[in-house]
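These are the residues of each chain, in order.
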Amino acid sequence: MGIIQNKAIFFDRDGVINYRPVGDYVKSPDEFSFCPDLFKFLKFIKEKNYLAIIITNQQGVSKGLMTNEQLSKVHNYMQSELNQKISFNFDDIYSCTDLATNKSSKRKPNPTMILEAIEKYNIDKNQSWIIGDSITDIMAGEKAEIGTIFLGNSLQNPFINPNFKFTNLYQIIENFSKIENFELPFLKYDLDIF
Ligand SMILES: [Mg+2]
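Residues numbered from 1 in each chain as written. Predicted model: local features only at pLDDT ≥ 70, side-chain atom pairs only at ≥ 80, totals over all residues.

A.B. asks: Just give me the short version of the overall build of the protein, but keep the residues and values in it.
C.D. replies: If you tally the helices and strands in the protein, you get six helices and six strands. Of the regular secondary structure in the protein, the N- to C-terminal order runs β-α-β-α-β-α-β-α-β-β-α-α. Computed over the C-alpha atoms, the radius of gyration of the protein is 17 Å, within 12% of the 16 Å expected from 2.2 N^0.38 for a compact globule of 194 residues. Taken over the C-alpha atoms alone, the protein extends approximately 60 × 40 × 35 Å along its principal axes. The buried share of the protein, reckoned over its 194 residues, is 33%. (Helix = DSSP H or I, 4+ residues; strand = E, 2+ residues; numbered from the N terminus. Rg over C-alpha atoms; globule rule 2.2 N^0.38 Å. Buried ≥ 20, exposed ≤ 12 C-beta atoms within 10 Å, placed from the backbone.)

Here it is, written out as structure tokens:
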């Protein structure tokens, strides 16, 4: 008899939830626009009882390009839009505002934010996934020992092997049964039962 655990989808933000401004940061709600099918996708996974948790690097704050308050405003806007449109929103948002150059232990590709959420929400790693459009998202997922889904057209690193690759969120919905049935390599079998 085990304790019932939660399952979760971890989302990178820019390039997965909203369009990523090239060489810039989303500094205000008017610079934030949802990616196609995000509403449909979030509703789909919430109805399957997944927690939806954002794991985002936002070094624009430490660069002085926006404040923590501006970042919160963007997230409040995102959450209220989702509530209005689909009656669901993200369960939590973890942001790392540290500079990439500071060797932050929190910032992706480190798994710290994911692991904090796993602890806080009693999440089963074997039923949980990260979706990201960067190599660092996949690396963070691998280090946290959860499943990895790369979203995008090209993955320019032969050493990074996500469990799945899709070009858009709609494809993830279409292939979700494959994802749910995928045996993650982190499963720990109890050998005593055989
Ligand atoms: Mg991204």
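Anyway, onward from the coordinates.
A.B. asks: Lay out the environment of Ile54 with the relevant residues and their values.
C.D. replies: Note that Ile54 resides in strand 2 (residues 50-57). Each C-alpha atom, one on Ile54 and one on Leu65, is 21 Å from the other, the two residues being 11 residues apart in sequence. Contacts of Ile54, omitting those with residues within four sequence positions, involve Phe11, Arg13, Ile17, Phe90, Ile93 and Tyr94. (Contact = placed C-beta atoms within 7 Å.)

A.B. asks: I'd love a proper account of the pairing of strand 4 (residues 129-132), names of residues and values included.
C.D. replies: Burial along strand 4 is two-sided: the residues Trp129 and Ile131 and Ile130 and Gly132 are all buried. Bridge count between strand 1 (residues 7-11) and strand 4: three bridges; the pairing is parallel. By the bridge assignment for strand 4, Phe11 is matched with Ile131. Running through helix 4 (residues 135-144), the crossover from strand 4 to the neighbouring parallel element strand 5 (residues 147-151) is right-handed. (Pairing = 2+ DSSP bridges. Right-handed = clockwise from strand over helix to strand, strands pointing away.)

A.B. asks: Report on the packing of helix 1 (residues 38-47) against helix 2 (residues 68-86), specifying residues and quantitative values.
C.D. replies: The contact between helix 1 and helix 2 brings their axes to 11 Å, and the two run at 75 degrees. Compared by their axis directions, helix 1 and helix 2 come out roughly perpendicular. Of the residues in helix 2, those touching helix 1 at Phe39, Leu42 and Lys43 are Leu82, Lys85 and Ile86. (Axes fitted to C-alpha atoms, helices over the stretch in contact; angles between N-to-C directions. Parallel < 35°, antiparallel > 145°, perpendicular 65-115°, else oblique.)

A.B. asks: An account of the nonpolar core is needed here, citing residue identities and associated values.
C.D. replies: With 43 residues, the main nonpolar core has Ile9, Phe10, Phe11, Ile114 and Ile130 as its most contacted residues. Among the elements that line this core, the one with the most residues is strand 2, at five residues. Setting aside residues up to four positions removed in sequence, Phe10 forms contacts with Ile53, Ile55, Ile114, Ser128, Trp129, Ile130 and Ile146. (Core = buried A, V, L, I, M, F, W, Y, C linked by C-beta atoms within 7 Å.)

A.B. asks: Lay out helix 1 with the relevant residues and their values.
C.D. replies: Every buried residue of helix 1 is accounted for by Leu38, Phe41, Leu42 and Ile45. The arc that holds every buried residue of helix 1, seen down its axis, measures 95 degrees, which confines them to one face. Among the exposed residues of helix 1, those oriented more than 90 degrees off its buried face are Lys40 and Glu47. Looking at the packing, one finds that the buried side of helix 1 touches strand 1, strand 2, helix 2 and helix 5 (169-174). (Arc of directions from axis to C-beta.)

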